[in-house]
Amino acid sequence: MFYSIEELVAQAANYPSIGELMIATESENYGHTRARIIETMEKNLTIMKQSVEEGIAGVRSVTGLTGEDATRLNAYLQEGTFLSGTTILSAVRNAIAVNEVNAKMGLICATPTAGSAGVLAGVLMAAIDRLQLSHEQQLEFLFTAGAFGLVLANNASISGAEGGCQAEVGSASAMASAALVAAAGGTPDQAAQAIAITLKNMMGLICDPVAGLVEVPCVKRNALGASQAFISADMALAGIRSVIPPDEVVLAMYQVGRQMPQIFKETAEGGLAVTPTAQRLSKELLGQHSADSPTE
Amino acid sequence: MEHMRYTSVFDIIGPVMIGPSSSHTAGAARIGKIVRGIFGQQPDSVDIYLYESFAKTYRGHGTDIALVGGLLGMEPDDERLANSLEIAYEQGMEVLFVPKNEKAEHPNLVKMVVTKGERQLSITGISIGGGNIQISELNGFKISLSMGTPTFIIVHQDLPGMIAQVTNTLSASEINIGTMTVTRESKGEKAIMIIEVDQAEVGDIVKKITDILHIFSVNYFN
C-alpha cells in the first residue's frame, strides 16, 4: 500500500503501470482475485458510460432546478462554431450529463463522490475518443485515477462536509488529470505533477449548495473540473513542474479544508447558498414540500 | 495500513448508486438494508427519526426514499429506489418520518424503530461519507458497527447453546471472529448476534448457520 504520492510514484516503478500497482495493492489488501477486481471495475465503467449517454439524451432533476444543459451543449458542439476544442467541450458536456442524471436520482458511479461523479466519467469518455483508448486502457485509466484518489482521501479529504468542494470536484479533477497523463503515455512523475497543478487551482473552493441540493453549483463545477483536467494534463505532459511538491500541495489542501469555516462545508449557510435568488429557490423548492420543519 | 481511512480502489471509484448524494442517499439505503438485516424480516411499520443534516435536507436528497428502499431490501444501486415509498405502501408497510431539532452525535444520523406484530427493535445508523455507514445503537445499547468488515447478523431464539453452535460452525470452517455483539429483545425471546469476521470469502457458511435449529435469519454483509 502507498500512503503518499511519492510512495505511489516510487512503487509504480516496480510495475508495468500505476494501474497495475493499484490492482496488485487491491488484491493484497482484500485477498480478491485479479479477475474479480477487473469485473467490479468493468461494472463501474459500464455505469459511467450509461450515465453520460442518458444525460446527453436529456434529463431534468427531481426539483427542476437543473437539467438539459448536456443536450444544449451537445447541439452546440455539433454546430461546430465553438471557441475552445472538441475534446474539452465533449468532456464538459459529459460531466454535465452525469451530474444531471445524478440530480434526477438516476444511476451513477461515485468518483470519488456522487456530487463530483461527472468529472472522471466526463473526462474518460472524451479521452476515449481523443486517444482511441482500448477497453483495457479504459479500465487502466480508472485504476490510475483510483490510486491517486486514495492518496488524496487518506491525506486530505474527499468529503465536501469535511473539506469543501476542493475535496470533491478538486480531488476528482486532480485524479482525472493524472489518469489522463498516464493514458497519454506520460510518466508516473508527470502524473503526480498534474495532480499538484490541478489542486493548486482548486484550493479553497467552497461547498455552498443552493437549498442544500446537489445541483447548483455542483453541475457546473463538475463541468469546469473536467475541462481543467485536460489543461493540467497537457501542462504536465509539456514538462511543466509544480514548484511545490505534490505531497505538500495535498497537505496544504487538507489544512485549508480544516481552516475553512463551517458555513462553506455543505451546510448551505454561505456563498451562493445565501444569495437572494438561492434563498427564494430554497423556499420555493423545500417550502412546497414542507410539513418538513423539524419538530421538538 | 490501519491508520488509513481508505484502502480500496472501490472506495474512490464507486459505489454505483442512485443519486444524488453518496452520504444522504447511498449511505441511507445501506442503513435501511442493514436495519432489515438486523430485524431479520420486513417490518409492518417503521418510525424514522431524522437528525441534523438528515432532518434538514432529507427530501431534497431522497434520504427518505433511500431509507425505505433499503428497508425493503434494495441496494443503493437499485433503480426501484425512486418508487420505494409507493412499493412500501403496496406491500402494507407503514412509514412515519419525524425530523428532529435536537443535536445528535453526528450530522447525518437516523434512528429507526421497526415493528412487526409484538416485535419491536430500535436501531440508530449514521452516514459517515462516500456511502460508508456505521450502526451506533441497537435497542438502547451503544454499539459501533462499521460494516466495513465482513459481518454476519443472525437473529435467533434466545436459548442456551445458540451462541456456541454458531461459533462452532464458524470455527469448523476456519473463519476467525474479529468482534462479536450479542443482545436480545427480552429473556427467552428473539436474540441477535452481530459477528465481524476476518475473511471476505465465507463459502456456504450462511446456509450452514441457517440450518441450525432456532435460527430465524442469517444476513451476511461483505
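See the structure shown above.
Throughout what follows, the structure given in this document is the object of discussion. (Residues numbered from 1 in each chain as written. Chains lettered and ligands numbered in written order. Predicted model: local features only at pLDDT ≥ 70, side-chain atom pairs only at ≥ 80, totals over all residues.)

## Description of the overall build of chain B
Alright, step 1. Counting its secondary structure elements, chain B contains seven helices and 11 strands.
Alright, step 2. Relative to the globule expectation of 17 Å for 222 residues, the C-alpha radius of gyration of chain B, 17 Å, shows essentially globular dimensions.
Alright, step 3. Across its three principal directions, the C-alpha atoms of chain B cover 50 × 45 × 35 Å.
Alright, step 4. Residues counted as buried form 47% of the 222 residues belonging to chain B.
Alright, step 5. Long-range pairs, those at least 24 residues apart, make up 68% of the contacts in chain B with a sequence separation of at least 6. (Helix = DSSP H or I, 4+ residues; strand = E, 2+ residues; numbered from the N terminus. Rg over C-alpha atoms; globule rule 2.2 N^0.38 Å. Buried ≥ 20, exposed ≤ 12 C-beta atoms within 10 Å, placed from the backbone. Contact = placed C-beta atoms within 7 Å.)

## Some points on helix H11 (residues 218-237) of chain A
All names here are of chain A.
Alright, step 1. Between its terminal C-alpha atoms H11 stretches 28 Å, which fits the 28 Å expected from 20 residues at 1.5 Å a residue.
Alright, step 2. For H11, the buried fraction is high: 14 of the 20 residues fall into the buried class.
Alright, step 3. Residue Gly239 follows H11 closely and has a positive phi angle near 100°. (Expected span 1.5 Å × (residues − 1).)

## Focus: the nonpolar core
Alright, step 1. The biggest cluster of nonpolar side chains holds 159 residues, and the ones touching the most others in it are Val123(A), Ala145(A), Ala176(A), Ala178(A), Leu180(A), Ile195(A) and Val110(B).
Alright, step 2. Per element, the largest residue contribution to this core is 13 residues, and it comes from helix H9 (residues 165-183) of chain A.
Alright, step 3. Both domains that meet at this core, namely domain 1 (9-145) and domain 2 (151-221) of chain B, each give it at least three residues.
Alright, step 4. Setting aside chain neighbours within four positions, we find Val123(A) in contact with Ala91(A), Ala176(A), Leu180(A), Ala226(A) and Ala229(A). (Core = buried A, V, L, I, M, F, W, Y, C linked by C-beta atoms within 7 Å. Domains from an automatic or database assignment.)

## Some remarks on the pairing of strand E9 (residues 177-184) of chain B
All names here are of chain B.
Alright, step 1. Note: E9 against strand E10 (residues 190-197), seven bridges, orientation antiparallel. Looking at E10, one finds that Arg184 is bridged to Ala191.
Alright, step 2. The hairpin formed by E9 and E10 contains five residues between the paired strands, and Gly188 there has a positive phi angle of roughly 80°. (Pairing = 2+ DSSP bridges.)

## Examining the sheet that holds strand E5 (residues 119-129) of chain B
Residue and element names in this part refer to chain B.
Alright, step 1. Ordered by their spatial adjacency, six strands build an open sheet running E3-E2-E4-E5-E6-E7, and the pairing between neighbours is mixed. For this open sheet the edge positions go to strand E3 (94-99) and strand E7 (141-145), each flanked by a neighbour on one side alone. Strand-to-strand twist across the sheet, computed as the mean angle between neighbouring axes with direction ignored, equals 20°.
Alright, step 2. Of the strand pairs in this sheet, E5 and strand E6 (residues 132-138) are connected by six bridges, and their pairing is antiparallel. Paired with Ile123 across the strands is Leu138, a residue of E6.
Alright, step 3. With respect to the sheet, helix H2 (residues 22-39) is in contact with strand E4 (108-116), E5 and E6, its orientation differing from that of E5 by roughly 150°. (Axes fitted to C-alpha atoms, helices over the stretch in contact; angles between N-to-C directions.)

## So, the interface of chain A and chain B
Alright, step 1. With 49 residues of chain A in contact, the opposing surface of chain B contributes 41 residues.
Alright, step 2. Among the elements of the structure, helix H2 (18-30), helix H3 (34-57), helix H5 (86-103), strand E1 (107-109) and helix H7 (135-155) of chain A are those that each provide at least two residues to the side of chain A that touches chain B.
Alright, step 3. Looking at the side of chain A that touches chain B, the element that brings in the most residues is H7(A), giving nine residues.
Alright, step 4. Per-class residue counts for the side of chain A that touches chain B are 28 nonpolar, 17 polar and four charged.
Alright, step 5. For E1(A) and strand E1 (residues 16-18) of chain B, the ladder comprises three bridges, and the chain directions are antiparallel. Across the sheet, the residue bridging to Leu107(A) is Ile18(B), located in E1(B). (Nonpolar A, V, L, I, M, F, W, Y, C, P; charged D, E, K, R; others polar.)

## A word on the pairing of strand E2 (residues 45-51) of chain B
All names here are of chain B.
Alright, step 1. Most of E2 sits out of view: five of its seven residues are buried.
Alright, step 2. Sheet analysis places E2 next to E3, joined by six bridges and oriented parallel. In the strand pairing of E3, Asp47 is matched with Leu96.
Alright, step 3. Bridging between E2 and E4 involves seven bridges; their strand directions are antiparallel. Bridge pairing in E4 places Ile48 opposite Met112.

## Considerations on the sheet that holds E9(B)
Residues and elements named next belong to chain B.
Alright, step 1. Spatially, four strands are ordered E9-E10-E8-E11 in an open sheet, and the strand pairing comes out antiparallel. The sheet is open, and its two edges are formed by E9 and strand E11 (215-221), each paired on a single side. Sheet twist, expressed as the mean angle between neighbouring strand axes with direction ignored, is 15°.
Alright, step 2. Across the face of the sheet, H2 comes into contact with strand E8 (151-157), E10 and E11 while running at roughly 150° to E11.

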